[in-house]
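Chain and residue survey
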Amino acid sequence: MSQPLKPETICVQGGWQPKKGEPRVLPIYQSTTFKYETTEQMARLFDLQESGYFYTRLQNPTNDAVAAKIAELEGGVAAMLTSSGQAANFYAVFNICQAGDHFVCSSAIYGGTFNLFGVTMKKLGIEVTYVEPDASEEEIGAAFRPNTKLLFGESISNPSNVVLDIEKFARIAHTHGVPLIIDNTFPTPINCRPFEWGADIVVHSTTKYMDGHATAVGGCIVDSGNFDWEAQAEKYPGLCTPDESYHGLTYTKDFGRGAYITKATAQLMRDLGSIQSPQNAFLLNIGLETLHLRMKQHCANALRIAEYLEKDERVAWVNYCDLPDNTYHTLAQKYMPHGSCGVIAFGLKGGRQRSIRFMDSLKLITIVTHVADARSCVLHPASSTHRQLTDEQLIAAGVQPDLIRMSVGIENVDDLLNDIRQALDA
Ligand SMILES: *Cc1c(COP(=O)(O)O)cnc(C)c1O
């Protein structure tokens, strides 16, 4: 086809193009193993001299079809599915960092990622420095060291709704000769495509909007193929020098723009597992088929509710970047002009206790530890997902103690507004 396909078409048809007589719908390859005719054929796979499936801990055809769809949506060259968003973030960093290395990260990120980077990866000898995402290029640049290997941020942060200046972050990363990794979970590639603004690698918790029905935990890593590892060869020996565990092949030389994902599959999946189950990949693919329709509805509903909350005098503050008076509205207009996502953060006058009473009074909108699925829900991060953080860390992550995170679903918005009204009255 001469014209590149539009996102809506990729959502529905990307990744799986059956040949004559094959199933129209992507099948679940519920098999741990794959058959070959000769020992020699199998040996070539183990040496990465040929691509093919041999064991589902490393690769599975159902997963690869879904990963290909997500890669196409993001405009990347290669992708892999992981068992969770946490696994995706861990692999994305660990693929190019080892003990003694350092990376720089926006402080406005998901609580689980904050712990993974600051606590668990520290135990592996990898150190992170958190920076204010709105700080100047000079201030953020000052956090870099000779052993810094990457810069990381969330396109829209969970749950503080900070919109990242992706171009600024890409400039800082590239000035220091490292890639920019963006967690693009909240806007999804339907609303924001970080590669177009200079990001090098994108990660997702597919558990959220991509799945969209709260059925399967999963993650994804997408590589743009644009970062020139060879130009920084001394920084990335894992990619640019021979891998003795594969008879001395060198990922950048043997796989070109596919080097980063090939290494993550061949080394990290081989050694650590954490692959998405084919069953979950199948569910994820069904979710992706309607992603474009759902994101529109999430955004339209969320904007109506944010406007309503902003006008109610019992509401202390509302943070939703599609509101014109929001601090991040200009950045949102630039990076996601058709809408951001369905997640609103707000607080009620009367603080933490009042916010909790409001949440307990909601009927249609339920309290769950989740965001970004078809059903509307609320969460109080300070007493749940961000419980481990001190008050100081909470503020640094942009999470006020009274913050209510409302994930607006795709129900009829008038029903949602009625529920909010009765809970405010309660
Ligand atoms: C949920 C989430 C994660 C973690 O993903 P899981 O699938 O829950 O492991 C990472 N980043 C962001 C932005 C998230 O919202």
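Here the structure is a predicted model, which is why all the values come from computation and not from measurement.

Turning our attention to the nonpolar core. In this structure, Ile 70, Phe 103, Phe 117, Leu 180, Ile 221, Trp 229 and Tyr 260 are the most contacted members of the largest nonpolar core, which totals 105 residues. If you count residues domain by domain, this core takes at least three from each of domain 1 (7-287) and domain 2 (292-425). The contacts of Ile 221, once residues within four sequence positions are left out, are Ala 78, Ala 79, Met 80, Thr 82, Ala 88, Tyr 91, Ala 92, Ile 201, Val 202, Val 203, Tyr 260 and Ile 261. Ranked by size, the runner-up nonpolar core spans 27 residues in total, among them Tyr 320, Leu 348, Val 378 and Leu 424.

The assigned domain composition of the protein is domain 1 (7-287) and domain 2 (292-425). One C-alpha centre belongs to domain 1, the other to domain 2; they are set 29 Å apart. Across the boundary between the two partners, domain 1 contributes 41 residues, which contact 39 residues of domain 2. Three residues stand out in domain 1 for area buried against domain 2, namely Pro 159, Asn 191 and Tyr 209, and they jointly supply 23% of the buried area on that side. Seen at the junction of domain 1 and domain 2, the total is one salt bridge. Between Lys 334 and Glu 167 there is a salt bridge, with the nearest N and O atoms lying 2.6 Å from each other. On inspection of domain 1 and its partner domain 2, the count reaches 19 residue pairs in polar contact (both at pLDDT 80 or more). Counting residues per element, the ones that place at least two in the side of domain 1 that touches domain 2 are α1 (7-13), α5 (111-123), α7 (166-175) and α8 (188-191). Of the residues contributing to the side of domain 1 that touches domain 2, the split by class is 20 nonpolar, 13 polar and eight charged.

In the vicinity of the ligand, 15 residues are found, and the nearest of them are Asn 158, Asp 183, Ser 205, Thr 207 and Lys 208. At a separation of 2.9 Å, an oxygen atom of the ligand approaches a polar backbone atom of Gly 85. Lys 208 is positioned with one of its side-chain polar atoms (N or O) 2.7 Å from an oxygen atom of the ligand. Taken by itself the ligand offers 380 Å² of open surface, and the protein chains cover 92% of this. If you tally residues by element for the shell around the ligand, the top one is helix α4 (residues 85-94), at three residues.

How each quantity is defined
Residues numbered from 1 in each chain as written. Predicted model: local features only at pLDDT ≥ 70, side-chain atom pairs only at ≥ 80, totals over all residues. Heavy atoms only, no water. Core = buried A, V, L, I, M, F, W, Y, C linked by side-chain atoms within 4.5 Å. Buried < 20%, exposed > 50% of the residue type's maximum accessible area, 1.4 Å probe, protein only. Domains from an automatic or database assignment. Contact = heavy atoms within 4.5 Å. Buried area = accessible area lost by both parts, 1.4 Å probe. Salt bridge = Lys/Arg side-chain N within 4 Å of Asp/Glu carboxyl O. Polar contact = N/O pair within 3.5 Å; in protein donor to acceptor, adjacent residues only side chain to side chain. Helix = DSSP H or I, 4+ residues; strand = E, 2+ residues; numbered from the N terminus. Nonpolar A, V, L, I, M, F, W, Y, C, P; charged D, E, K, R; others polar. Near = heavy atom within 4 Å. Areas by Shrake-Rupley, 256 points an atom, 1.4 Å probe, with all protein chains shown as cover.

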